[in-house]
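If you want the building blocks of each chain, they are given just below.
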Amino acid sequence: MLNYVHSIPTKLFFGKGQISHLSDALNTFGKKVLLTYGGGSIKKSGLYDEVKKILDEGGFAVTELSGIEPNPRIESVEKGVALCKENQIDVILAVGGGSTIDCSKAIAAGVYYEGDDLWQMVREADHIRKALPLVDILTLSATGSEFDPSAVISNLKTNEKLGGTFTYPAFSICDPTYTFTVSAYQTAAGSADIMSHIFEGYFSRTPDSDLSDGIAETILKSVIKNLPAALNNPDDYEARANLMANSSVACSGIPEYGKASTGWPCHTMEHELSAYYDITHGVGLAILTPRWMRFILKKDPSCSWRFVRFAKNVWGLQGGDDAALAEAGIAALEAFFRSAGLPGNLTELGITDEYFRAMAEHANVDNFLADAFVPLTNDDIVEIYKACL
Ligand code: NZQ
Ligand code: ZN
């Protein structure tokens, strides 16, 4: 088990009715609020009205930034920074999924960025030291942005989608009832994302991290149990609550305690797909993951012990033949994604091999994936993409 250091400064309020803490949370920072949200789901669900009522009653001065895109764009970050400066905003309130929260993190940091080019800030995000305070109300269980410092921003002009460390939310309000309205497609995609956040650390060469492995397997089993329940009955509070709690912990760094870093290969490859084709992050992951698993098993069979453990501990599979068991675990995952209604290949999304080489080169810049569970070369990545067609 390797050394680790961890600090999560976010105060997270989980459960029904936790919006009652919103006013106090915002008052910690001031009265001038930038309210950010996406394409309108919060207006349809009634959450916008609920939030506005609290803000009005609390005497907050509210400026709004709406229309934040899934795979949020740099242009939205630019708009938000300009609004913060014009209105001398004290605190940002993000209401939405990972895209709205991520965009708001970049806005919070962008306010203090000294250069003119905010895309350059995104490129250098790991050097960010100062940001406006951020409060969020989460509406989709997926990314873990409510409990981590990361944000992922897209630039359609350069076909880039870059992640970095921007700022932690100061307060996150996570009420599972706000996810009742999430579509089946986004519920499934979000769950694939939660599972992938676990896989990225679980498939590591560090063999003796019992705590991390136990948490990882528990979260995977919980998603396997609760995703079908949420799809079957979107208002199932227990299912939505478990998915939401899983979302926050899966990407928090806790399931990687004591483990060697892996470069998060599926995320690195997926961000290229959504950079070029603007696809839903979790959908790209659901397509890539089983292909990546099969590829690395073939490339380096010495990693099969980990897949055997996955098959046994997560899927409850048994059998004497390790190779068959490893494949059965992967097949079970693939079938699970399909049964949740997720697309099975990139061709279904209209993607061809046209940019695979460029995407692989960008994903693996500076041999980024040389430290992966099984190191990947550019040729390997192209092969994995091709297996997804
Ligand atoms: O925009 P609105 O109208 O709100 O609709 C959204 C959007 O169309 C909708 N939605 C959200 N909550 C809803 C709802 N619809 C009905 N009812 C609700 N309660 O769902 C759609 C997708 O929303 P989005 O925020 O894009 O989804 P998600 O939370 O999956 O975020 C994806 C983004 O986060 C990045 C991804 O790459 C992608 O850009 N990630 C961020 C991470 C982080 N910050 O740590 C890590 C992840 O690995 C990921 O890369
Ligand atoms: Zn993810």
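1. With respect to the site of ligand 1
Argument step 1. Contacts to ligand 1 come from 29 residues, most closely from Ser41, Gly98, Ser99, Asp148 and Lys161.
Argument step 2. Contact distances for ligand 1 include 3.3 Å between an oxygen atom and a side-chain N or O atom of asparagine 71.
Argument step 3. The backbone of tyrosine 178 places a nitrogen or oxygen atom 2.9 Å from a nitrogen atom of ligand 1.
Argument step 4. Here ligand 1 has 960 Å² of accessible area as a free molecule, and 88% of this is covered by the chains.
Argument step 5. Residue assignment for the shell around ligand 1 shows that the elements contributing at least two residues are helix H5 (98-110), strand E6 (150-155), helix H7 (184-202) and helix H10 (265-277).
Argument step 6. When the residues that make up the shell around ligand 1 are grouped by side-chain class, the tally is seven nonpolar, 18 polar and four charged.
Argument step 7. Counting the residues that make up the shell around ligand 1, at least three belong to each of domain 1 (11-178) and domain 2 (185-387).

2. Points about the packing of aromatic side chains
Argument step 1. Summed over all chains, the structure comprises 19 aromatic pairs.
Argument step 2. Aromatic side chains phenylalanine 13 and phenylalanine 171 sit 6.2 Å apart centroid to centroid with 10° between the ring planes, which places their arrangement in the stacked category. Pair noted here: phenylalanine 13 is in strand E1 (residues 11-14) and phenylalanine 171 is in strand E8 (residues 171-174), with a separation of 158 residues, a long-range link.
Argument step 3. Accessibility expressed as a relative area gives 12% for phenylalanine 13, which makes it buried.
Argument step 4. Centroid distance tyrosine 202 to phenylalanine 203: 5.3 Å. Interplanar angle 85°. Geometry classified as edge-to-face. Comparing tyrosine 202 with phenylalanine 203, the two get one shared label, buried.
Argument step 5. Of the aromatic side chains, those joined through ring pairs into one cluster are Phe199, Tyr202, Phe203, Trp292, Phe307, Phe310, Trp315, Phe336, Phe337 and Phe373.
Argument step 6. Taking the ring centre of tyrosine 237 as reference, the NZ or CZ of lysine 16 above it sits at 4.4 Å.
Argument step 7. Over the ring of phenylalanine 60 we find lysine 31; its NZ or CZ atom is 4.2 Å from the centre of that ring.

3. Description of a nonpolar patch on the surface
Argument step 1. A cluster of nonpolar side chains, Met1, Tyr4 and Leu211, forms an exposed patch at the surface whose accessible area comes to about 310 Å².
Argument step 2. Mapped onto the fold, tyrosine 4 is located in the segment before E1.
Argument step 3. Here tyrosine 4 falls in the partly exposed class, since its relative accessible area comes to 42%.

4. Observations concerning the coordination of the zinc ion (ligand 2)
Argument step 1. Surrounding the zinc ion (ligand 2) are the protein donor atoms Asp193 (OD), His197 (NE2), His267 (NE2) and His281 (NE2), at 1.9 to 2.2 Å.
Argument step 2. Linear spacing of the donor residues for the zinc ion (ligand 2) on their chain is D-x3-H-x69-H-x13-H. Remark: histidine 267 occurs in helix H10 and aspartate 193 occurs in helix H7; sequence separation between them is 74 residues.

5. A closer look at the domain arrangement of the chain
Argument step 1. Along its sequence, the chain is carved into domain 1 (11-178) and domain 2 (185-387).
Argument step 2. Between the C-alpha centres of domain 1 and domain 2 the distance comes to 27 Å.
Argument step 3. Taken together, the contact pairs 25 residues of domain 1 with 25 residues of domain 2.
Argument step 4. For the pairing of domain 1 and domain 2, the buried interface totals around 2,000 Å² over both sides, and the portion due to carbon and sulfur atoms is 58%.

6. A short note on the packing of helix H8 (residues 210-232) against helix H9 (residues 237-250)
Argument step 1. Direction vectors running N to C along H8 and H9 enclose 145°, while the axes themselves pass 9 Å from each other. Every pair of crossing elements has a handedness; the one defined by H8 and H9 is left-handed. Where H8 approaches H9, its residues Ile215, Ile219, Ser222, Val223, Asn226, Leu227, Ala229 and Ala230 are matched on the opposing element by Glu238, Ala239, Arg240, Asn242, Leu243, Asn246, Val249 and Ala250.
Argument step 2. Taken together, the residues of the contact of H8 with H9 break down into ten nonpolar, four polar and two charged.

7. Details of unusual backbone geometry
Argument step 1. The backbone phi angle of tryptophan 264 is positive, close to 50°, even though this residue is not glycine.
Argument step 2. The topology assignment puts tryptophan 264 in the loop between H9 and H10.
Argument step 3. For aspartate 366, which is not glycine, the phi dihedral falls at a positive 55°.
Argument step 4. By the secondary structure assignment, aspartate 366 is in the loop between helix H14 (356-363) and helix H15 (378-387).

8. Some thoughts on the side chain of asparagine 364
Argument step 1. Within the fold, asparagine 364 resides in the loop between H14 and H15.
Argument step 2. Of note is the side chain of asparagine 364, whose polar atom sits 3.3 Å from the backbone nitrogen of phenylalanine 368.
Argument step 3. Within polar-contact distance, the side chain of asparagine 364 engages the backbone nitrogen of leucine 369 at 2.8 Å.

The rules behind the values
- Residues numbered from 1 in each chain as written.
- Chains lettered and ligands numbered in written order.
- Predicted model: local features only at pLDDT ≥ 70, side-chain atom pairs only at ≥ 80, totals over all residues.
- Heavy atoms only, no water.
- Near = heavy atom within 4 Å.
- Polar contact = N/O pair within 3.5 Å; in protein donor to acceptor, adjacent residues only side chain to side chain.
- Areas by Shrake-Rupley, 256 points an atom, 1.4 Å probe, with all protein chains shown as cover.
- Helix = DSSP H or I, 4+ residues; strand = E, 2+ residues; numbered from the N terminus.
- Nonpolar A, V, L, I, M, F, W, Y, C, P; charged D, E, K, R; others polar.
- Domains from an automatic or database assignment.
- Phe/Tyr/Trp six-rings, centres within 6.5 Å; stacked < 30°, edge-to-face > 60°.
- Buried < 20%, exposed > 50% of the residue type's maximum accessible area, 1.4 Å probe, protein only.
- Lys NZ or Arg CZ within 6 Å of the ring centre and 35° of its normal.
- Patch = residues over 30% accessible without salt bridge, like charges linked within 9 Å, V, L, I, M, F, W, Y side chains within 5 Å.
- Salt bridge = Lys/Arg side-chain N within 4 Å of Asp/Glu carboxyl O.
- Donors = N, O, S within 2.8 Å, 3.2 Å for Na, K, Ca; no water.
- Contact = heavy atoms within 4.5 Å.
- Buried area = accessible area lost by both parts, 1.4 Å probe.
- Axes fitted to C-alpha atoms, helices over the stretch in contact; angles between N-to-C directions.
- Left-handed = near helix turned anticlockwise from the far one by under 90°.

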